Structures are given as C-alpha cells and as structure tokens.
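Okay, here's what each chain looks like letter by letter:
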Amino acid sequence: MKLKKLLSLFLVAIMVLTLFTGCAKETTPETPNTPGEQEQPKEEEPKGDKILKLGNSGHGGLFNPIMSDNVYDDYVTRTIFEPLVYNDPEGEMIPILAEWTLSEDNLTYTFTLKDGIKFSDGTPMTTADVEFTYLTIAHPDYNGPRAYAVSSLLGYEDYHSKAKETFDGIKVIDEKTISFTFKDGMAAPANIECFIYGIMPKHYYEFETWEDFLALNEQPLGSGLMTFDSWEPKQFIKLNKNANYWDPANVAQIDGVLISEVPDESIISALQTNQIDFAQPSASSENLQMLESLDNIHVANYLGNGYTFMCFNTLRPQLSDVKVRQALMYALDRKSFIKAQYGEGLASVGMAPISPSSWAFPDASELNAYDFDLEKAGQLMDEAGWAMGDDGFRYKNGEKFHVNWLVYTDSPWPGTLSGMAADTWKQLGVELEVELMDFDTVASRTMDAEPGEKDFDIYTMGFTLSIDPDPTGALFDDNAFVAGGFNASGYKNAEAMELVKKGKTEFDTAKRAEIYKEWAKIMNYEIPHVIIAYRSEIWGINNRVKGMELGTYFDWVQCLKDITIEN
Amino acid sequence: MKNYIIRRILQMIPVFIGILFILFFILEQAPGTPVSNMMDPKMTPEQKAELAEKLGLNTPWYERFVNWIGEAMKGNLGYSIKHKKPVLEVIGDYIGPTLLLSLVSLGISVLIGIPAGVISATKQYSLIDNFLTIFSFIGISIPAFFFGLLLLKNFAVDIQIFPLFGLRDPLLNSDNMFVLAKDIAWHLFLPSIVLGLQSTASFMRYTRSSMLEVIKQDYIRTARAKGLKEKTVIYRHAFRNAVIPIITLLGFWIPLLLSGAVTTETIFGLPGLGKISVEATLTRNYPLILGINSILAMLTLIGALVADILYAIADPRIRYD
C-alpha cells in the first residue's frame, strides 16, 4: 500500500515534470502539428551527410581575419576569407589570390590579383579591398593582434597616429596591382608572412566608427570556399558551401562545415558515435590508443610547429653561471618526463629553438640533449662553487641553493615536470619551491614585469612558431627583455644577436640555415631558455572523410577544397 | 508592508555599491592583466602597451571604479575584451541556456524534494524514510562530474539514446516549435537530472528536518486532538510552518540559478554563464567579470528581499511595519 502510494507520487512528479519542461520552451503560439510534420527531421537527416563535422571548443566569436585571436576562430575565418598568399604542405609560400614579385632591394612586394576573383555576394575583388584590409589594421582604433603585419611598412607611424591621411608604404597601382614597401633596413624573407591574412570586401566592411566595424565580427563575408550561416555561442558554427566561388574548378565538394563545441571529456566518444567527423584530442598515448581501437576512425599524427620551454632568470646569482644551468638540465630526466606525460613517439627531447620540421633545424648530433646524468650534474655544481653541505643541500658563501618555479595549472605538463624535478634536483642538493598559479599570473610575474621586477627563478610555458625560423622578438632576443617582451631570462649575448640579425635579412636559404645552426649551438650551450620538448599533434578522422592530409604546415582548412565525404 | 519594501530597496543601493567596490578592489589585487594572455609571438611590447592603454588599464583603479559606476547607471556595462562586443550582449548570449537548465532542475528538486521530505518526516524511521534518506545521501555525496560522465557513458555512448553534447541539433531545420522544443528537452534531459539530483537531495533533507521539528509542536497535537484528519494536520497546519526555512533556501537559490551549473555545463557542452565567467576570470576580462558579478550580486539581494516578503505571506505572525 505504502509502496503503491509512493509509486503514484513519483509518476505524478514525473508527469508534472515533463509538462514543466514542455512549457518552458513553448513560447510561441502553437503550430498545428500533424504526424507528418513530426517526421520531418528524419527525412532531412540524409542531407546532413555531406556536411563535414568538426568538434572542438574555444571559439570566441571573432570571425574576422584581422581580429581573430585564437586558432579556432582562425579556422572559421580562413574558410570564409582568402589571403594574398599562404603556404603549401612543405611550408613554402604560394600565391592564393595574387602572384607577387619582390623588388631588387627586397623592400617592395608587388601583388597582381588573379582574374575573376569575386566575393561570395558576387562583387568583384579589386586592390581597393586589399588596401582597405591593410589600412584597417593600421587604423588608430585597431585593437586586434595583427599590428605587426603593417608596423614595418613605410609610413606606418604617420598613418597610425593620424599625422598623415595616406599610408606611404601601400600604393594601389591599378585595379589589379598593389605594392607594399617596407622601411629601409627591414628587408627580410619573413616579411611575406605579413600577407597571409584574409582580404575583406571594402563595400561591406567600410565603417564610420570602430564599433561599427566590430559589430560585423559575427556576420563575416569574404571570397572563400565557405559562407557564414549562423553561430550559436559555445554551441556551434554553421558554414555553407560558397556555390558562387570564383574559381569553378575548385568549388568545395562538400555542402558545408559544422563546428560543434564538444567538451574535452567527450571528444573521443563523439568520434566513436559518429556525432563528429574529426577532432584533435590532446596528444597522449592513452588518447592515441583509444583512437586506434575505433573501427570508424583513422588517425593523423604529425609534429606540431612549436615547443615547450623552461626559462631561467639569469640575473639571479644562483642561475647566472652557465654551469649551474647545465647541471640542472643534466639532473632533469626529460626522457622519462616525455614518456610519463605524452607517451613514447608523441614527443621528443627539445634541443634547438627551431622546429625539427624546419629547414633551419641543425643536425641533432651537433647539439646536446642533456641526457639524464646526476653525476655529471654534481661535478658541474662543484665546479661552479656550490659545495654539498651536511644537510643534503648545496651552499656557496653560506647561501643555500634555492630556486622557485612558477607552475601554471591551466595545462598539466608543467606540474608533471616540476614534480619530477623536485625529486631529482633534491638528490643534486637543490631546494626547489614550486608555486602553483594560473597562466595570467605566471605571465605577469615573468614577461609582463619590468626588467628589474621580474619575480621568478624558473618558469615554463609553450611557444608556437611561425613557418619562418626568424627568432626576432621572441625568447632569445636581447631587445625583447622589456616589460611585455617575450625574453624574461635577462640573458644577453652580442654574438648571438649578430647571428639573429644576419639570419633575418639573408635571402639565401642555404646561408640562412648555416647561420641558424651556429646560433642554435650557442643557445643549446648557454640555455637561458631550455627547449623541453617538441610535441606531436593527433587528429581522429572518420573514414567517410577523404582527402584530409594533415601535416605540420597543413591544416584541414588548407585541404578543404580536396575533402570529399563518401557514405 | 509597502513602506518596508521601499525601505529595503533603498538600503540595497549602498550595499550594492559596497559589493562592487570590494569586487573592484579584489580584481585589482589579482596579478596579471587582460593583455598578459595575448601570446601572439609576433606582437611587440609596444603593441601590447598600446592595447593596454586603449583598454584603459593605465588609469588608477578607483578612477575606473567611479567611471564604471557612472556608465553602469546609464545601462552601459562596457565592452568585453575577449568578445569585442558589449558586456550586456555577451551575457545575453549565454544567460538563456543557463536559466533554462537551472529552472528545469530547480523544478525537479522542488517538485520531488519537498513532497519526498514531507513523506519522509511523517513516516519517520519507516522503510520509505530509510530509502529516501539513503537516496538523499547518495545524491548529496555523488560528485556532479562523475555522475554526469557515468550517465553519458551509459546513455550516450553505450546505448545511444541521448546526445553527447550541446543544447540542440544544429542540423535540425524545422519551424515547428514543438519539434524544436522536443529536441531541446531531449538534450537537456541528462544534464537536468545531474544538476537536479543534488538539489533534490538537499531540499528533501531540509524539508524533512523542518517538518520533524514542527510535528512535535503542541499546536499539532492540539490539531490532532480537535479530530482533524491527518492529511489536514500535515498539509494545512504543519507544512505551512515548516516551509519557512525552505523559503530562505529558495531565496538564496536565485543567484545559484546563474552560477551553480559550471560543472554540468562543462561536461555536457552546454553554452552557459558559468563557463563564460570562469573563462573571463582566467583571461582577466575585467568588464565581463564585473558585469556578471554585479548581476549576481543584484540577484542575491533581490533573492533575500523576495524571501523576506514570502515569509510574511507564509506566516501571518510575521509583520513588517
């Protein structure tokens, strides 16, 4: 009797509940619903079969080639917009919208637009659109991350500060030809990378106030393979095939792209259940094994273009001696770390601050991998004057060897590495204090702080590279040792800087490779920053997707025109 | 009563400004700025400094505080740094799904938790009471992420009857509201169970203990002695008195409607305010943090006021003059 009552109460509760959930969403007047209409979605399902479905998370909604500031918004942007040039699978720049020539003095790039380019609304693209795009980056109110694409051009400061109405470095020659001139002394092979950003239609994006321009971030219009359909924040982005694509031979062979926000925890399950076609789970042996065990999925596994690094504050007395830095590296078992954190074959020990996939990467045999050797580490410490005390710690002039390490918890690897160091460095006689914090706090105490106020001994972070190996402005640049610069180590080396300058302006690739080899050897010995590991990236791709050939310099957007879906 | 409400609302204004002041102060103490996480390797220090200047980060925090209050009075909560659009629009993008999920799960907890608590109290130490007690302890102690992943594994991967992620099927092209509502209900089913379980359990416990206390009072014995039916005694006399502490609970639940679902939103890939406020905090997106928190503070104050007013309605002995 009691049970019966309870059961009926439960049933009532559930019925009320379903009523409640039903009511909550039915806000518009009832529409007649016949059984036929209810079956509608089932009929439409086959239509979705030619839609390429990507699962990831982290879209910010800045779907604009000069505003997007993360890789996910970039994907969307690059399907909708096209740049003047972009790289091929080998990392060589090739014409996309325009052929180019470089002047004798290597300062002026002249682009000639291909014939027949049209935006997806049918308007032909002219050099006025190209000029508009680059003038917008130089606009006084511009608050996106691409200022470097114009800041080395002649006359940037005058235009940006409104001192001049015109931008001297950008000249429209005719409807199809436009030239960009760099400042004297700024000639560099890497300059071509300033032209990899999508061209925006002037008639659509022209603005009165900067807010008007930003308001179009969620309604992008370009000339690319896809057109924008809709965006639901943190849910999905729908892109449709651009049926009016200007080059009829290269129109997309799929009907559209659907990018869904999938939680990291569910990404592999979503691949397994065919709810998404492809995704990039974090590269661990566990994930790789799970992907390989799925019958409907194949795996793309390639080297990522970047590295993780550790920075020593070389202005600290205990870390200023290169021998001490080397000792700490010999006492850190990076091979075991890589095995534990990523799994064998998914990362390798870092040596030079250049990606191993680059032509500039030196012969590995000429570099030191600092293989784990506690004995050697101890010798180096002794040579540097740090003698082992009775309490198991090393002392010099009565000072105990103590370092702090800023570890951010936003990703797991710095925690693993510092945990392993705490053990092996203890054996070396080093007192390590690990400070846990979030990424922004690490950045503010290291790179952001004024040179005299950088409050750390050691910190770790990841770094993404561009295709050109030029390290100017990055971790090893003396001039980047300022507030907001990337070099927080305080290490300066005139000889190395000379090589960086020579490498930046040399147009002969073979000679450049020689220069970077010299430079990498110096940095591999001095290690103000240590390259911890080069990591692989893995993607799971459904077998119905053909033509997606991913690589270090080639992502799915670049393959888009070759992708087909076979059911 | 009317005077009381007006007085309370007037009191809320300085309290609200005080809360904002503390918020501003704490944000100022946190290391890092919105520019710290802009890690484009090609960005020069000068360009970073220029962005910081444009974001107004170089003015002292008390000046920013006064400016912000002034603008907020006019309904302008500023520009979200990451989204490059007004804070109110960003909140508008995310508030709907969060409210929907929270209201559905609150509905579940109230509709199941309170009646179950009453039954549990009136049948103290019976089989049903023991069963419900065990159920509520399981509900309180099982972590949301674990329960959520368990449900997903069973009902979205092994038996594929529910979707793995999202709020609706983007490929469903239908103008039929019923079809769309059904799709959303289907997507919300598992998350609302996860979110509802915990609050159901706590509502049940609160109701039970509150009822137990009331049932032992003299006036309940009197009511029984008058020969009233047991149902009338429990639901008209006892329940009405027992409900007061639950109203307090409900009042404090209002701000949780917006912020209490972070884990559930994350596991089920639902777009919501909880997720976006964690993101805003990690990237030091000051205007968005302030916008979301000021709305939460406002709701907390309103929740407390509503609870006070409801007391008077539930309990005629309480008078505000």
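The structure displayed is predicted, hence computed values, not measured ones. Each chain carries its own residue numbering, running from 1 in the direction its sequence is written. Just so you know, chain letters begin at A and ligand numbers begin at 1, following the order they were written in. Local features are withheld for residues below a pLDDT of 70 in this predicted model, meaning they are given only at 70 or higher, and side-chain atom pairs are given and counted only at 80 or more; totals for whole chains, interfaces and linings count all residues.

Asker: Explain the overall build of chain B to me, please; I cannot follow it from the model alone.
Answerer: When its secondary structure is counted, chain B shows 12 helices and 2 strands. Labels follow the DSSP assignment, with helices taken as runs of H or I lasting at least four residues and strands as runs of E lasting at least two, numbered in each case from the N terminus. Sequence-ordered secondary structure for chain B, helices as α and strands as β, is α-α-α-β-β-α-α-α-α-α-α-α-α-α. Projecting the C-alpha coordinates of chain B onto the three principal axes gives extents of approximately 85 × 60 × 40 Å. Whether a residue is buried, exposed or partly exposed is read from the other C-beta atoms within 10 Å of its own C-beta, which are placed from the backbone; 20 or more gives buried, 12 or fewer gives exposed, and intermediate counts give partly exposed. Per-residue burial over chain B gives 37% buried out of 321 residues.

Asker: Would you take a moment to explain the overall build of chain A for this structure?
Answerer: Along its length, chain A carries 19 helices and 23 strands. Expressed along its principal axes, the backbone C-alpha trace of chain A runs to roughly 90 × 90 × 40 Å. C-beta atoms are first placed from the backbone for all residues, and any pair lying within 7 Å is then listed as a contact. The long-range share in chain A, meaning contacts at least 24 apart out of those at least 6 apart in sequence, stands at 68%.

Asker: Help me understand helix α9 (residues 230–259) of chain B, please; the structure alone is not making it clear to me.
Answerer: Residues and elements named next belong to chain B. One less than the residue count of a helix, multiplied by 1.5 Å, gives the span that helix is expected to have. Relative to the 44 Å expected for 30 residues at 1.5 Å per residue, α9 spans 41 Å between its end C-alpha atoms, a close match to the ideal helical length. The bend reported for a residue corresponds to the angle between axes fitted to the seven residues ending at that residue and the seven starting there. The largest bend in α9 is about 50°, located at Phe 239. Burial in α9 covers these residues: Val 233, Ile 234, Ala 238, Phe 239, Ala 242, Val 243, Ile 246, Gly 251, Trp 253, Leu 257 and Leu 258. In this fold, the buried residues of α9 make contact with α4 (87–122), α7 (177–215), α8 (218–225), α11 (273–282) and α12 (286–314).

Asker: Even after reading the chapter, I still don't get the domain arrangement of chain B, so can you show me in this structure?
Answerer: How big an interface is tends to be reported as the loss of accessible area on association of its parts. Residue and element names in this part refer to chain B. According to the domain assignment, chain B contains domain 1 (2–86) and domain 2 (95–314). These domain limits were set by an automatic method or by a database of domain assignments. Summarising the inter-unit geometry, the C-alpha centres of domain 1 and domain 2 are found 32 Å apart. Each partner contributes residues to the interface: domain 1 has 21 residues there, and domain 2 has 16 residues. The set of elements that each furnish at least two residues to the side of domain 1 that touches domain 2 consists of α1 (2–29) and β1 (79–80). Charged means Asp, Glu, Lys or Arg here, nonpolar means Ala, Val, Leu, Ile, Met, Phe, Trp, Tyr, Cys or Pro, and polar covers whatever is left, Gly included. Counted by class, the side of domain 1 that touches domain 2 contains 13 nonpolar, 6 polar and 2 charged residues.

Asker: Would you explain the domain arrangement of chain A in this entry?
Answerer: Residues and elements named next belong to chain A. Assigned domains of chain A: these are domain 1 (82–222) and domain 2 (306–536). Here domain 1 and domain 2 have C-alpha centroids that lie 37 Å from each other. The partner domain 2 presents 7 residues to the 8 residues of domain 1 that form the contact. Looking at the side of domain 1 that touches domain 2, its residues break down into 4 nonpolar, 3 polar and 1 charged.

Asker: I would appreciate a short explanation of the interface of chain B and chain A in the present structure.
Answerer: Of the residues lining the interface, 59 residues belong to chain B; the matching set on chain A comes to 69 residues. Counting only elements with at least two residues in the side of chain B that touches chain A, the list comes to α2 (45–54), α4, α6 (144–158), α7, α10 (262–267) and α11 of chain B. Residue composition of the side of chain B that touches chain A, grouped by class: 34 nonpolar, 15 polar and 10 charged.

Asker: Even after reading the chapter, I still don't get the sheet that holds strand β5 (residues 108–113) of chain A, so can you show me in this structure?
Answerer: By way of backbone hydrogen bonds, the strands of a sheet pair with one another, either parallel or antiparallel. Residue and element names in this part refer to chain A. Only strands joined by at least two bridges in the DSSP assignment are considered to pair. Reading across the sheet, the 4 strands line up as β4-β5-β7-β6 and stay open at both edges, with antiparallel pairing between neighbours. Each having just a single partner strand, β4 (98–102) and β6 (170–172) make up the two edges of the open sheet. On average, each strand axis in the sheet is tilted by 20° relative to the strand beside it, whichever way the strands run. Where β4 lies against β5, 5 bridges are found, and the strand directions are antiparallel. Directly across from Glu 99, in β5, lies its bridge partner Thr 112. Across the face of the sheet, helix α5 (residues 127–137) comes into contact with β5, β6 and β7 (177–181) while running at roughly 165° to β6. Structural elements are reduced to axes, namely lines fitted to C-alpha atoms, with helices fitted over the stretch in contact, and the angle between N-to-C directions of any two is expressed from 0 to 180 degrees.

Asker: Explain the pairing of strand β18 (residues 402–408) of chain A to me, please; I cannot follow it from the model alone.
Answerer: In regular strands, side chains alternate between the two faces of the sheet. All names here are of chain A. Taken across its 7 residues, β18 has 5 buried, putting it largely inside the fold. The pairing of β18 with strand β19 (residues 431–437) spans 7 bridges and is parallel. Within the sheet, the bridge partner assigned to Leu 406 lies in β19 and is Glu 435. Crossover handedness is defined by viewing with both strands directed away from the observer: a clockwise path from the first strand over the helix to the second marks the crossover as right-handed. For the crossover that starts at β18, traverses helix α15 (residues 413–428) and ends in the parallel β19, the hand is right-handed.

Asker: How should I be thinking about the packing of helix α13 (residues 334–341) of chain A against α15(A) in this particular structure?
Answerer: Residue and element names in this part refer to chain A. Two elements in contact, α13 and α15, have axes separated by 10 Å at closest approach and are oriented at 140°. One element, α13, and the other, α15, form an angle in the oblique class. Crossing geometry of α13 relative to α15 is assigned as right-handed. Of the residues in α15, those touching α13 at Ser 336, Phe 337, Ala 340 and Gln 341 are Trp 413, Thr 416, Leu 417 and Met 420. Broken down by class, the residue content of the contact of α13 with α15 amounts to 5 nonpolar, 3 polar and no charged. Any angle that falls under 35 degrees is termed roughly parallel, while one over 145 is termed roughly antiparallel, one within 65 to 115 roughly perpendicular, and all others oblique. Two helices that cross are described as forming a left-handed crossing if the nearer one is turned anticlockwise from the farther one by less than a right angle, and a right-handed crossing if clockwise.

Asker: Any chance you could explain the packing of α7(B) against α9(B) here in plain terms?
Answerer: Between two packed helices, both the angle of their axes relative to each other and the distance between the axes serve to describe the pair. Residue and element names in this part refer to chain B. Between α7 and α9, the least distance of the axes is 8 Å, while the angle of their chain directions is 140°. Considering how the two elements wind past one another, α7 and α9 form a crossing that is right-handed. Listed contacts from α9 to Tyr 206, Thr 207, Ser 210, Met 211, Val 214 and Ile 215 of α7 are Ala 238, Asn 241, Ala 242, Pro 245, Ile 246 and Leu 249. Looking at the contact of α7 with α9 residue by residue, the class counts come to 9 nonpolar, 3 polar and no charged.

Asker: Help me understand the confidence of the model for chain A in this model?
Answerer: One rule of thumb: low pLDDT means the predicted coordinates there are not for detailed reading. Confidence per residue, as judged by the predictor, is encoded in pLDDT with a range of 0 to 100. Confidence in the prediction of chain A, expressed as mean pLDDT, is 89, and 92% of residues score 70 or more. Taken together, the stretch residues 1–48 of chain A has pLDDT below 50 and engages in 38 contacts with residues farther than four places along the chain or on a different chain.

Asker: What exactly am I supposed to notice about the sheet that holds strand β16 (residues 394–396) of chain A here?
Answerer: Residues and elements named next belong to chain A. Pairing is antiparallel across the open sheet formed by 3 strands, whose spatial order is β15-β16-β17. Two strands bound the open sheet, and with one partner strand each, they are β15 (387–388) and β17 (399–400). Across 2 bridges, β16 lies against β17 in antiparallel orientation. Its bridge partner being in β17, Lys 396 is matched across the sheet by Glu 399.

Asker: Any chance you could explain the confidence of the model for chain B here in plain terms?
Answerer: Counting all residues, the mean pLDDT for chain B is 87, and 100% of those residues have values of 70 or more. At the low end of the mean pLDDT range in chain B sits α9(B), at 83; at the high end sits α6(B), at 91.

Asker: Please explain the nonpolar core as it appears in this structure.
Answerer: Proteins that are soluble and globular tend to have nonpolar side chains buried together. Core analysis: the largest hydrophobic core is formed by 184 residues, its most contacted members being Phe278(A), Ala279(A) and Ala327(A). When residues in this core are grouped by element, the largest group, 11 residues, is from α7(B). Formed by 20 residues, the second largest nonpolar core is a distinct cluster that contains Ile81(B), Leu257(B), Ile289(B) and Ile292(B). Here, a nonpolar core denotes buried Ala, Val, Leu, Ile, Met, Phe, Trp, Tyr and Cys residues that are linked to one another through C-beta atoms within 7 Å.

Asker: Could you clarify how one ought to interpret unusual backbone geometry in this entry?
Answerer: Note on backbone geometry: most residues besides glycine have negative phi, and most peptide bonds are trans. Non-glycine residue Tyr370(A) carries a positive phi angle of around 50°. Structurally, Tyr370(A) is set in the loop between β14 (347–349) and α14 (374–383).

Asker: When you look at the environment of Val104(B) in this model, what are you seeing that I'm missing?
Answerer: Looking at where Val104(B) falls in the secondary structure, it is placed in helix α4. Sequence separation between Val104(B) and Gly196(B) is 92 residues, and the spatial gap between their C-alpha atoms is 8.0 Å.

Asker: I would appreciate a short explanation of the environment of Thr133(B) in the present structure.
Answerer: Within the secondary structure layout, Thr133(B) lies in helix α5 (residues 127–141). For the pair Thr133(B) and Lys84(B), spaced 49 residues apart in sequence, the C-alpha to C-alpha distance is 50 Å.

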